[in-house]
Amino acid sequence: MSFGTVLTAMVTPFDDQGMINYDQLEVLINHLIENGSDGLVVGGTTGESATLSIEEKAALYQQSVRIADGRVPIIAGTGMNDTYATAELTIRAERVGVDGIMLVAPYYNKPSQKGLYEHFQTIAEKTSLPVMVYNVPGRTAVNILPETVIELAKIENITSVKEASGNLDQVTMIVANTPDDFTVYSGDDSLTLPSLAVGADGIVSVSSHIIGKHMQQMVRYYKDGQVGEAALLHQKLLPIMRGMFIAPSPAPVKTALDMTGLDVGGVRLPLVPLTEEERKTLESIVALREKL
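Residues numbered from 1 in each chain as written. Predicted model: local features only at pLDDT ≥ 70, side-chain atom pairs only at ≥ 80, totals over all residues. Heavy atoms only, no water.

### Examining the overall build of the protein
Turning to step 1, where the next piece is worked out: Per the secondary structure count, the protein includes twelve helices and eight strands.
Turning to step 2, where the next piece is worked out: Dimensions of the protein along its principal axes, counting C-alpha atoms only, are 45 × 45 × 35 Å.
Turning to step 3, where the next piece is worked out: A separation threshold of at least 6 residues defines the contact pool for the protein, and within that pool the share at least 24 residues apart is 72%.
Turning to step 4, where the next piece is worked out: When the accessible surface of the protein is summed, it comes to about 12400 Å², and 50% of that surface belongs to carbon and sulfur atoms. (Helix = DSSP H or I, 4+ residues; strand = E, 2+ residues; numbered from the N terminus. Contact = heavy atoms within 4.5 Å. Areas by Shrake-Rupley, 256 points an atom, 1.4 Å probe, with all protein chains shown as cover.)

### Digging into the environment of Gly138
Turning to step 1, where the next piece is worked out: As for its placement among the helices and strands, Gly138 is situated in helix 5 (residues 137-140).
Turning to step 2, where the next piece is worked out: On the accessibility criterion, Gly138 (79% relative accessible area) is exposed.
Turning to step 3, where the next piece is worked out: Once the C-alpha coordinates of Gly138 and Val227 are considered, the two residues, 89 residues apart in sequence, prove to be 30 Å apart. (Buried < 20%, exposed > 50% of the residue type's maximum accessible area, 1.4 Å probe, protein only.)

### Description of the environment of Ala287
Turning to step 1, where the next piece is worked out: Within the secondary structure, Ala287 is located in the segment after helix 12 (276-286).
Turning to step 2, where the next piece is worked out: Separated by 27 residues in the primary sequence, Ala287 and Thr260 have C-alpha atoms spaced 9.5 Å apart.

### Considerations on the UniProt feature "active site" (unreviewed entry) in the protein
Turning to step 1, where the next piece is worked out: The UniProt record marks Tyr134 and Lys162 with the feature "active site" (unreviewed entry), using the residue numbering of this structure. Look at the named residues: they lie 29 residues apart in sequence, but the longest C-alpha span between them is just 4.7 Å, so in the fold they bunch up.
Turning to step 2, where the next piece is worked out: Position of Tyr134 among the secondary structure elements: in strand 5 (residues 131-135).
Turning to step 3, where the next piece is worked out: Those residues in contact with Tyr134 that lie beyond four places of it in its chain are Thr45, Met102, Leu103, Val104, Ala105, Ile144, Lys162 and Ala164.
Turning to step 4, where the next piece is worked out: A distance of 3.2 Å separates a polar atom in the side chain of Tyr134 from a polar atom in the side chain of Thr45.
Turning to step 5, where the next piece is worked out: If you trace the backbone, Lys162 turns up in strand 6 (residues 158-163). (UniProt positions renumbered as here; feature names shortened; annotations may be inferred. Polar contact = N/O pair within 3.5 Å; in protein donor to acceptor, adjacent residues only side chain to side chain.)

Have a look at this one:
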């Protein structure tokens, strides 16, 4: 199952007290749908899932489903480092009507490849929804090897992977050895075009909060055989993509949204706001949108 080509790893809007701001959630979701997002990943890394309570996550999924109202798929980031707690949250997410599940590799535990396989298998058995495996070793301290993803792809409802290892060889191996209907998404904005070139299907993006339409255009150029145009647009987008990570995410992208007129609030500790110097740098990066 494909969730689309450009998916946005959505930030979670907070109010001045650091609570989820559901009014701004509606504004944000409408903005993303209108600006190039084929689907939304809710409660993932960019959504500050590590600082959200279970009840907050469940409410966030439910409200996102209500607001999206079938216009785009909602993929709930239910992954944690406790297999059974993840399974319980996944069941709750399915009950409120999400369209898919994203499961990050268990962090901190550092499981073996066998442990990773059994973790994802156990959770997949608890839901009828399509499951996206999320590999981000820079945050989890464990890499889901291509061989493990290839085995997981044999499970009927494990239908895709978000590959954020930064390793194009790994992406290539997965693409080459999984079924044609198993979708592979880059988890690194700057590797969107290179990943497409080795056979990936799309991107789960942070930068699409502010350049979603441009990312869609780049993908269309590539898929239409206009490789030179795609490469040129990639070159123009790259500084903006990199700018969304000048400080721990999602502080830069939340600040960038504010600079473009969409208030999604700040970040929760242990993340902190950008420094004044970082804000000035980001202002110049965001201004590059006007030249696209």
